[in-house]
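Spelled out from the first residue to the last, the chains are:
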Amino acid sequence: MDTNHAPWQERFGLTVCRAEEIGKAIPAGVMGIAVIYAKTEGGEAVYLVVESRAGSLLTQTTRRLETAKFPAGVKLTVAFKTEALADASATAVHAACREQVIVAGAMRRELRPAMR
């Protein structure tokens, strides 16, 4: 039984912005995870969970917003968490990518009822 009543965005430590504002909100060149969703009458509809892996989260999210087929007329929101690596070694990048996969998997499991 889930007794944590905080919104999932808070539980995962995500920053929220409108999809049109990601260019201002997400710093260029940082890694991270983003969730693209829309608020609906019944709650929220989650469309995509984006992992940047070793690339730029801003680039990956922008590309997905431009190429994915979303329902017409929905106002999309992006919740994201970024990570700038101080050490750009292959080991540090690999560890950060692995952490992204773990967090994204946990998000997908929790958000599965809201995903279409």
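Just so we're clear, the structure is a prediction, and the values are computed from it rather than from any experiment. (Residues numbered from 1 in each chain as written. Predicted model: local features only at pLDDT ≥ 70, side-chain atom pairs only at ≥ 80, totals over all residues. Heavy atoms only, no water.)

Draft legend 1. The sheet that holds strand β3 (residues 43–51), seen in detail. Taken in spatial order, the four strands of this open sheet run β1-β4-β2-β3, and their pairing is antiparallel. Because the sheet does not close on itself, it has two edges, and the strands there are β1 (15–18) and β3. The average angle at which neighbouring strand axes cross in this sheet is 25 degrees, direction not considered. Lying on the sheet, helix α3 (residues 57–67) is in contact with β2 (31–40), β3 and β4 (76–83); it crosses β2 at an angle near 35 degrees. Running at roughly 20 degrees to β2, helix α4 (residues 90–111) makes contact with β2, β3 and β4 of the sheet. (Pairing = 2+ DSSP bridges. Helix = DSSP H or I, 4+ residues; strand = E, 2+ residues; numbered from the N terminus. Axes fitted to C-alpha atoms, helices over the stretch in contact; angles between N-to-C directions. Contact = heavy atoms within 4.5 Å.)

Draft legend 2. Structural view of the side chain of Thr 77. Among the structural elements, Thr 77 can be located in strand β4. Thr 77 gets classed as buried once you look at its relative accessible area, which sits at 11%. Setting aside residues up to four positions removed in sequence, Thr 77 forms contacts with Val 16, Cys 17, Arg 18, Ala 19, Val 35, Ile 36 and Tyr 37. (Buried < 20%, exposed > 50% of the residue type's maximum accessible area, 1.4 Å probe, protein only.)

Draft legend 3. Local environment of the pairing of β4. Here β1 pairs with β4 via four bridges, running antiparallel. Within β4, the residue paired with Arg 18 across the bridge is Thr 77.

Draft legend 4. Quick peek at the nonpolar core. If you look at the biggest cluster of nonpolar residues, it comprises 18 residues, and the most contacted ones within it are Ile 22, Ile 36, Leu 65, Phe 70, Leu 76, Val 78 and Phe 80. Mapped onto this core, the elements with two or more residues apiece are β2, β3, α3 and β4. Looking at which element gives the most residues to this core, the answer is β3, with four residues. Ignoring anything within four residues of it in the chain, the contact list for Ile 22 reads Cys 17, Leu 58, Thr 61, Thr 62, Leu 65 and Val 78. Grouped together as the second largest cluster of nonpolar side chains are 13 residues, Val 46, Ala 79, Val 103 and Leu 111 included. (Core = buried A, V, L, I, M, F, W, Y, C linked by side-chain atoms within 4.5 Å.)

Draft legend 5. Quick look at the side chain of Ser 56. For Ser 56, the location among the structural elements is in the loop between β3 and α3. Here the side chain of Ser 56 touches Leu 58 through a polar contact of 3.4 Å, landing on its backbone nitrogen. In this view, Ser 56 contacts Gly 29 and Val 30; residues no more than four positions away in its chain are not counted. (Polar contact = N/O pair within 3.5 Å; in protein donor to acceptor, adjacent residues only side chain to side chain.)

Draft legend 6. Focus on the packing of aromatic side chains. Enumeration according to the criterion identifies two aromatic pairs in this entry. Ring centres of Trp 8 and Tyr 37 lie 5.1 Å apart, and the angle between their planes is 70 degrees; on these two criteria the pair is classed as edge-to-face. Here Trp 8 is found in helix α1 (residues 8–11), whereas its partner Tyr 37 is found in strand β2, with 29 residues between them in sequence. You can call Trp 8 buried: its relative accessible area is 9%. Accessibility expressed as a relative area gives 1% for Tyr 37, which makes it buried. Each ring, one from Tyr 47 and one from Phe 70, has its centre 5.6 Å from the other, and the planes form 70 degrees; the classification is edge-to-face. In this pair, Tyr 47 sits in strand β3 while Phe 70 sits in the loop between α3 and β4, placing the two residues 23 residues apart along the sequence. Comparing Tyr 47 with Phe 70 shows no difference in burial state: the two are buried. (Phe/Tyr/Trp six-rings, centres within 6.5 Å; stacked < 30°, edge-to-face > 60°.)

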